[in-house]
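# Overview (structure and organization)
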Amino acid sequence: MQASPAAGRLPKILVISNYRSTVTVRPEAEIFIGLAAAGFEIEVMTYGDSPYAEKFRAAGIEVTDFHPERKFDSVAAKFIRERLVKGGHDILHMFNSKAYMNGLRAVKGLPVKVVMYRGTQANIHWYDVALYTKYFHPRVDKIVCNSRSVEDEFNKQSLTDRRSRFVTINKGHRPEWYADTATADLSEFKKSPDTFVLTCVANARRVKGVKYLLAAMAEIDSAADISLLLVGNGLDTAEFKAAARKSGHGDQIYFTGFREDALSVVKASDAFVMPSIGAESLTKAVVEAMHLGTAPIITNIPGNKYMVEHGQTGLIVPPKNPQALAEAISAMYEKRTWCEEMGQHAAARITEILHTDRTIIETMKKRVVVGLSGGVDSSVAAWLLKEQGYEVIGLFMKNWHDESVIIANECPWIEDSNDAMLVAQALDIPFQVIDMSADYKTRIVDYMFAEYAAGRTPNPDVLCNREIKFDVFMKTALSLGADFVATGHYCRKAETEVDGKTVYRLLAGLDAGKDQSYFLCQVSQDQLAKALFPIGELQKSEVRKIAEKAGLVTADKKDSQGLCFVGKISLPDFLQQQLKPKKGEIIEIPAGAVNGAGVEISEELSTLTRPHHFEKSQGEVAGEHSGAHYFTIGQRKGLHVGGKAKPLFVIGTDVIENEVYVGQGDDHPGLYRKGIRIPAAEVHHTRPDLALAPGEKRRYKVRIRYRQPLEDATLEYDGEALFIIFDRPQRGVAPGQFAAWYDGEELIGSGVIH
């Protein structure tokens, strides 16, 4: 339900509805009075003389004396637009067709979320053109449905893929509304003091199923002392009166017409009946009867059935089944004490499940889309968010189609997506697989090929977070009405204020062995604002315990070691899809050939950060390789060269000449560099407010790869590049990787190593 207002404040809501009737609109109006009490800024556009106008004002809600008189009214649309702009509203919440049509016209081009309401599941058909100008309109962000049956009907009929627009929030009631309801004198409807009084309050509509109720009366023994009161206008038709006469209870079936004291009549009755036959939402009359402590008999239509626990708080029968309805009425008639007990329990249950306070909480609830990867971390992230009261949706990203390069039994995406689905089912949250393979290929795979071909070593996990999870995926989530996107990363988010503005801080996870803040080093402030990291405060062992206690299928599943949402790949097979093998020489460089070990030879930044440069003449051929682009600095495996005193490590590559340079031992000076250079265009500020000015130096902790211990360093910016000079020379500095710098536990910035 939330919009995306400026940080630090709740959304401002403009409501358009008709509040002239205090009784019928009371559940709706009380929602906004409750939201105002919770700190939301509310403006209600309605008739200024409506009974609820004064109640709104007393609650601190601004009331604008206006309501559209026609569905298509350019003057009304203009007025609504002016109020939205002038008031700086974040959400437009509308409750009737006149508001819908003019409101949708008013929001054109405005950054305002549009919320509508639907109270009945009747007449929702995909072929109804009118629906596409209202509920199925692309500008609508949310449709609040008064029962799950309405939401289900929308989802069934919608031709779009925006199922998550529909959300069920029942209109709540307060028991105190009914505390002063008088008990009507029903003596005029009784043969004797022991007459069992059954009441039905309904409009004269076919869907109410009154004809089946009259048919049920014909199934009941004519000697039974039962009076049926039919309260409502238009029920005294010739058809219904004839059915009453034929029932054998003609003198005990009363067509009372509309009564102002209908609630008092229901309170005085022994039982309440609502024989609806379908296409109804939550029925207000049933809610009221339960609040009054009158046991209900209802049909199991989708809108009502969840309110009543059969045999505990009332009875439920199939629709259009006079025999079953007659048996239910007879059972209550014959067991008066049981009927009274169900009435008491009904009052308690309806207060529990349909209270205004609960409706307000549901309305305030924020929506979070969780990237369910099929692993334990994202599973527990979703579980925690649901426990915290969020509305949670699970999405699995299908990033890869080619299974020929996936190592067998190492997290294939199909297995992972199935596990993610099982977790969603266990948590009872919506779940969907979304295909992002096209974006993944363009932004990640093609980038990887290009980097390897150029002799650099890319970090696909950092890129996946920047380009996919917190860009393409986040935009998809936000299009579903999400307020946040959550992942199973071991990191944390905090806030601070700088110059009156909220600034988001990316902090390391509390589990030092699992901290994944490095993988998020390229995330922006806008992306952090929408991100949640639910497990960042936990240890891995705690995450597994939570998953086990919650009965999640992923509790004991081992962690994935591959590309995000893809699986563990065979890198040589993967690279050979586009980078073909090419025979070349492995050149061993003696330690003494590295000038001064590459350190301390100058205090010039350009010299201290210059990569090693090797030539074939400096060493000798030690072996043969299948392609320089398959190797990275610091690599030991895959060289297949033996007979050396110490293991060989890659200290350099030349993809132009197709040569790989190696040195003996992990202490070889060619493995180490004193500093690195990052061009200004490649510097990313997670904290833009802490960016270095030209000529400025600052001390930070730096890491150049995931899980590397943080190293002390001095950062200096000259206006064209950022230079990082380490206190100790660093081993295996690979161009193309990311360097990230920290102030304590906070990640400040990052950049691509050159």
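Here is a short report on the structure shown in this document. The model shown is predicted, which means the values in this text are computed figures rather than measured ones.

## Considerations on the overall build of the protein
Looking only at helices and strands, one finds 21 helices and 31 strands in the protein. Relative to the compact-globule value of 27 Å for 754 residues, the protein shows a C-alpha radius of gyration of 35 Å, a clear excess of over 25%. By residue count, 55% of the 754 residues in the protein fall in the buried class. Counting every atom, the protein has about 32300 Å² of accessible surface; 49% of that belongs to carbon and sulfur.

## Details of the pattern of salt bridges
Applying the stated criterion to the full structure yields 35 salt bridges. A salt bridge links D261 to R259, with the shortest nitrogen-to-oxygen separation between them at 2.8 Å. Overall, D261 belongs to the partly exposed group, its relative accessible area being 28%. Ionic pairing is found between R492 and E745, a salt bridge with its closest N-O pair at 2.4 Å. Of this pair, R492 sits in strand 18 (residues 491-498) while E745 sits in the loop between strand 30 (738-743) and strand 31 (746-752), and the two are 253 residues apart along the sequence.

## Quick look at the side chain of E30
In this fold, E30 is placed in helix 1 (residues 26-37). No salt bridge is formed by the buried E30; the nearest opposite charge belongs to R174, separated by 4.3 Å.

## Section: unusual backbone geometry
Glycine aside, a negative phi is what most residues show, and trans is what most peptide bonds show. The phi dihedral of D428 falls on the positive side, at around 55°, and the residue is not glycine. Note on placement: D428 falls in the loop between helix 15 (413-427) and strand 16 (431-435). The exposure class of D428 is exposed, given its relative accessible area of 62%. In this structure, H640 takes a positive phi of about 55° despite not being glycine.

## A word on the pairing of strand 30
With five of six residues buried, strand 30 is to be regarded as a mostly interior element. As defined by bridge partners, strand 27 (residues 697-703) adjoins strand 30 across three bridges and the pair is classed as antiparallel. Bridge pairing in strand 30 places K701 opposite Y742. Examined bridge by bridge, strand 30 and strand 31 share six bridges and lie antiparallel to one another.

## Quick look at the sheet that holds strand 17 (residues 484-486)
Here we have five strands laid out as an open sheet, ordered 16-15-14-17-20, and parallel in their pairing. Strand pairing shows two members of the sheet lacking a second neighbour, strand 16 and strand 20 (531-532), which therefore form its edges.

## Overview of the sheet that holds strand 8 (residues 196-201)
One open sheet holds the six strands; their spatial order is 10-9-8-11-12-13, and the pairing between them is parallel. Pairing within the sheet leaves two strands with one partner each, and these edge strands are strand 10 (253-257) and strand 13 (315-317). Here the average twist between neighbouring strands, direction ignored, is 20°. Bridging between strand 8 and strand 9 (residues 226-231) involves six bridges; their strand directions are parallel. Residue F196 lies in a different strand from strand 9, and its bridge partner there is I226. Where helix 7 (residues 210-219) meets the sheet, it contacts strand 8, strand 9, strand 10 and strand 11 (271-274), and its direction lies at approximately 170° from that of strand 9. Each of strand 8, strand 11, strand 12 (295-299) and strand 13 is contacted by helix 12 (residues 336-353), which is oriented at about 85° to strand 12, the strand it contacts most.

## Points about the nonpolar core
Ranked by internal contacts, the top residues of the largest apolar core, which has 53 residues, are Y19, I42, F56, L84 and F154. Take this core: its biggest share by element is six residues, from helix 1. Beyond its immediate chain neighbours, meaning those up to four positions away, F154 contacts R118, I124, Y135, F136, I143, C145 and F166. In this structure, Y452, L506, Y518 and V662 belong to the second largest nonpolar core, which totals 50 residues.

## Details of the packing of aromatic side chains
Counted under the stated rule, the structure contains 16 aromatic pairs. Centre to centre, the rings of Y132 and F136 are 5.2 Å apart; their planes meet at 70°, and the pair counts as edge-to-face. Assessed through its relative accessible area of 29%, Y132 is described here as partly exposed. A relative accessible area of 4% means that F136 is categorised as buried. Members of the aromatic cluster, each reached through a chain of ring pairs, are Y100, Y132, Y135, F136 and F154. The cationic tip of K55 hangs over the ring face of Y52; the distance from NZ or CZ to the ring centre is 4.7 Å. When the ring centre of Y117 is taken as origin, the NZ or CZ atom of K171, which lies over that ring, is 4.2 Å away.

Cut-offs applied
Residues numbered from 1 in each chain as written. Predicted model: local features only at pLDDT ≥ 70, side-chain atom pairs only at ≥ 80, totals over all residues. Heavy atoms only, no water. Helix = DSSP H or I, 4+ residues; strand = E, 2+ residues; numbered from the N terminus. Rg over C-alpha atoms; globule rule 2.2 N^0.38 Å. Buried < 20%, exposed > 50% of the residue type's maximum accessible area, 1.4 Å probe, protein only. Areas by Shrake-Rupley, 256 points an atom, 1.4 Å probe, with all protein chains shown as cover. Salt bridge = Lys/Arg side-chain N within 4 Å of Asp/Glu carboxyl O. Lys, Arg positive; Asp, Glu negative; His and termini not counted. Pairing = 2+ DSSP bridges. Axes fitted to C-alpha atoms, helices over the stretch in contact; angles between N-to-C directions. Contact = heavy atoms within 4.5 Å. Core = buried A, V, L, I, M, F, W, Y, C linked by side-chain atoms within 4.5 Å. Phe/Tyr/Trp six-rings, centres within 6.5 Å; stacked < 30°, edge-to-face > 60°. Lys NZ or Arg CZ within 6 Å of the ring centre and 35° of its normal.

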